[in-house]
Structures are given as C-alpha cells and as structure tokens.
Amino acid sequence: MSTALRAKKAMGLKQYGSMLVVAILALAMLSVVTPAHADNMRESEYWLDSLGITQAHQSTKGEGVKVAIIDTGIDTSHPDLKGAVVGGADMSGAGEAGGNKPIGVMSEHGTLVATLLAGRGNNKGEINRVKSENERLKAAWEKAKSEAEEENEKQKDDDKDVEVPKEPEYEDVPKLSAGSDGVLGVAPAAQLLSVSLWMGEGNPANIPVEEQIPRAVKWAVDSGAKVINMSLGSTSPAWPESWDDAFKYAENHDVVIVAAAGNRSGGMSQVGAPATIPGVLTVAGVDESGKASQDSSTEGISIGVAAPAEQLVGGLPDNGYARWSGTSGAAPLVAGVAALIRSKYPDMKAPDVINRILKTARDTGAAGVDNLYGYGIINANAAVNNNVPSVSENPLGTIEEWIRVHRRNNVKSTEAPAPGVSMEKSDLKQVAAPEPIQPDQSTPALQPLLVIGAGVLLLLVIAAGSAQTLMRRRRERLTQSVASASLSSLKVGKAAGKHDLFDDIPEEDR
C-alpha cells in the first residue's frame, strides 16, 4: 500500500470531537465467557499449525524481544505467564505501579491478550502426574506396612517377624514452569511489558483514556519495547492531535505497532483509531475456515493482514481460562509473529519486519490487497524464514509524512529563498549572443512628399475646428440672454418660514 493510499484512509481525520470514544474491541465478543480447562487448551489452538507457528518455532520463539501490551493490565500470577512479564506501568492512575492489576471494563482482557501472544503454557499436568504417583506409592506402602505390623502382632514369640516395608522414595514434584498444558503463545520466549489503562467510564483517577494512550506508547518505547500490541480502538477513524507525537516517537525509535481492526458486533462499522494511523499494522479477523469474520472484523483500506478471530482460547485472571472471539485476539497473533521476526533478525528495521508479514501473507478474497483481508492471512513460517527483499520505507506509510501533510498549519515556517529567485542549477549550455543588426541610413525618395502632405492636412483640420468653436459660443450667449429675461420677469416673493425657490432643489444641484 503506497504512502498516498495510506494517507487517504484519514477520511476527514481532522474533524473529530473533543471526546474520543474508546472501547475494548472484544467487549461484545466476551459477553458470554465459557470456562475452559487447561488440559484441552493446547489442542484447541488450531492456529498454531494453520498459521505455520509450530514450524516457525523451530527457528525462534521470540527470545530477547520485549513486547508491550497496552491494555487493561496483566495478571502476572497466571501459570501460563510465569516469568513472561518483566516490567510494566499504569497510565490510568487507578491501577498498580507495575501494571499488573487488571482494571476497568473487562479487566480480564489484558490477560487474555497476553497469553495468546506470549503464553508459555504450564506443566501442571506433569505436576499432577507426579503428585498422583507419589500419593499412590505412599498409600500402597502404608497399607503394606499396616498389614505387616498386624501380622507381627498375631505371631507367637518363636515365629519370625514379617518384614515391614520401608517407605519408598518419591519422585520430586517439579516446580511450576512452561509445559505442554495451558495456552502456548505465538512468541512464548518473548518478554512482556504490561501497560495498564482504564478504558470505559468510572475511572477513579478521572484521567481520560485519550490522555492515557500517548503516555503509554511513549513509556513502552522508552522501556525498550520493539513491538507494541494495541487490542483497543475507537468508533472513529480520527485520533486526537495529541497522539501524533507519541506515534511519531515510536516510529522514530524503530518500533512496530500492531492494532486490532475492531468488531462489527461491538458496534463498529469501520476501522477506528489507532488502527487508522499511518505505519500501524492493522489486523482484521477471520474464522476457522479463513473467511472474513462476520462478527469479529470491520473493514477498511488501512487493514494490513488478517488472523484468526473466532473460537480463540486464553487465560483469565485467577488462573482461569476462556474461549473468546474478536480482533482483540487476532492482533496479538500478528504481534507475536513480529516478535519472532525481530528475534531471528535483531538488526532488521521495523519497515522490513512489517513488509515481511505483508508480503508473505496468503492472499485471500479479492486478488491483491483488499478491504477485508489486507494483503491476506498471516503466514508465520514464511514471514520468519522466507527470503524477502528489503524495503526503504514502511509499505503502510509513516505518521511523520501524514503530519507534514495534514497538520501543516501547525508547522513552523522555515527560511525560503526570495520569490522569483531559482536556487536550482541549469543544465543548459551557454551560447554567444547574436551580433546586433545596424539600421539602414538611406532615405527613400517618397518620404519628403509624405511629410508635406501630412502637414497640409493638419492645417485644414485645425481651421475647421476653430470655425465650429466660434459658432457654438455664439449660440450659448444667445440662450443665456433669453433665460435671463424670463427669470427676471418672475415675481418671486418670500413665503412664511423664509422658504424660497432653492429650498425645493436638492442640495447637490444648488
């Protein structure tokens, strides 16, 4: 998608209300949360194979990459996130300093997103197996011991005692760690930064979410995030001007920002900010068959790629699990792939990371880029391992260029050359000026006759004009004489109030 096309998506972005309506994109999709058990989570993650994530894990699992999740806060005690969250902050004024307290509307949202992106799974199954086996061995030993002791009590003095069995050695119970149970994220070795926001009404600190978001972006960049996931958005494509600097700051610091396109069932008919900001990788949603989700995805020219958004699974605060849907879940799948790429190619710049994801996507729907799937459905294995030519700029545009064009009234003027003075160098070759042509000094024979004739004609014109002037003056004197005689014969008296003849004549005619 060209920069010009990306700029078109603004759709009147200069016109927005003073209040930006921001909502968690999966709000409607989580109206019915069905509890799920850890033992069937992994088999429910159909996208691990369908998107090539399992294959990509043979090359990298996101080691060494920090991903910031700007959301409702992450419950860092969830077993699938043990050791995953390495830092955080609260921007709402109502959460905990480390961003690890789920807050606001749908407070579980951040934990669901985090597990999809970087869940490590857990080894609770193995822990339970070892505990169960140890308990079985102990129960068998206690029974054998009791029977042996009873036999010995029944025996006579000369009978040989029955040997009482020794307590067996039990297998050490493993500590909680990553394992084959629970939710496995796309980048299970990535490090997470939890940036908590209060979205929706009722923030005790009374800090608007439109103020929290730019602060969150800048904090994430300063804290070393190379990828930022934003599973949130508004019902408008416009964003406050105060966001410009924050997103430009991320762009200038080589950070990939991934945002969800929004959900139709959540009342969104078009992609809303921040998914409309140039340079942001916007993610649409598809169902299990790869078709655009009717409930879980909006459409728009800013969409970059699509990812699964239905029948998702994720972790809930307090060690729970849920099945859910929405582009809020599709976005972290793509952000996780960006983390895999940045892990395998640590020197690769953000435009190339985004370009890899776009150019390796499986084309779906209308041929080429379209408003439902963007470049197509993401292919994690190809994005990580294929040879993709480098690009010089982000194919989704840049916020810096957008600011230059659309906020130009606020840009301070710079010195310019004086009007009319070209500062460009000409490549034309200089040529010699042509020789001047000397005028002909000879006098034609006809020229004196023309001069004499013109002089005679001029005298005749002057004489005729003088005669006409004398006749006109004589007529004027005669007319004035008659008029004076008529006016002097009138009897003009003074009426009451000293009203005279000139009082009936307009001032300007006197």
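Structural data are supplied above this passage.
Here the structure is a predicted model, which means the values were calculated and not measured. (Residues numbered from 1 in each chain as written. Predicted model: local features only at pLDDT ≥ 70, side-chain atom pairs only at ≥ 80, totals over all residues. Heavy atoms only, no water.)

Novice: Which residues make up the pattern of salt bridges, and what are the values?
Specialist: For the structure on display, the rule yields eight salt bridges. With its nearest N and O atoms 2.8 Å apart, the salt bridge here joins Glu401 to Arg404. Pair noted here: Glu401 and Arg404 are both in helix H12 (residues 399-406), with a separation of three residues, about one helical turn. Given the relative accessible area of 51%, Arg404 is considered exposed. In the salt-bridge network here, residues are joined through shared partners; they are Glu126, Arg129 and Glu171. (Salt bridge = Lys/Arg side-chain N within 4 Å of Asp/Glu carboxyl O. Helix = DSSP H or I, 4+ residues; strand = E, 2+ residues; numbered from the N terminus. Buried < 20%, exposed > 50% of the residue type's maximum accessible area, 1.4 Å probe, protein only.)

Novice: Account for the environment of Pro188, with residues named and values stated.
Specialist: Within the secondary structure, Pro188 sits in the loop between strand E6 (181-184) and strand E7 (191-196). Pro188 sits in the buried class, given a relative accessible area of 10%. Expressed as a C-alpha distance, the spacing of Pro188 and Gly336, which sit 148 residues apart in the sequence, is 8.6 Å. Residues contacting Pro188, with those up to four places away along its chain left out, are His57, Lys61, Ala118, Gly119 and Arg120. (Contact = heavy atoms within 4.5 Å.)

Novice: With reference to specific residues and values, describe the environment of Met41.
Specialist: Topologically, Met41 is positioned in helix H2 (residues 41-44). For Met41, a relative accessible area of 0% gives the class buried. Separated by 282 residues in the primary sequence, Met41 and Arg323 place their C-alpha atoms 9.3 Å from one another.

Novice: Tell me about the sheet that holds strand E10 (residues 256-260), residues and numbers included.
Specialist: Ordered by their spatial adjacency, seven strands build an open sheet running E4-E7-E3-E8-E10-E11-E12, and the pairing between neighbours is parallel. Each edge of the open sheet carries a strand with a single partner, namely strand E4 (85-90) and strand E12 (303-308). Adjacent strand axes in the sheet meet at a mean angle of 25° when their direction is disregarded. Two strands pair when backbone bridges link them, and strand E8 (residues 227-230) and E10 are joined in this way by four bridges, in the parallel orientation. Looking at E10, one finds that Ile228 is bridged to Ile257. (Pairing = 2+ DSSP bridges. Axes fitted to C-alpha atoms, helices over the stretch in contact; angles between N-to-C directions.)

Novice: How would you sum up the pairing of strand E14 (residues 320-324)? Please name residues and give values.
Specialist: Consecutive residues of a regular strand have side chains that alternate between opposite faces of the sheet. For E14, the buried fraction is high: four of the five residues fall into the buried class. Pairing of strand E13 (residues 312-316) with E14 involves five bridges; the strand directions are antiparallel. When the bridges of E14 are listed, Gly314 appears paired with Ala322. Between E13 and E14, which pair antiparallel one after the other, the connecting turn spans three residues, and Asp318 there sits at a positive phi close to 65°.

Any functional reading would require information that these geometric values do not contain.
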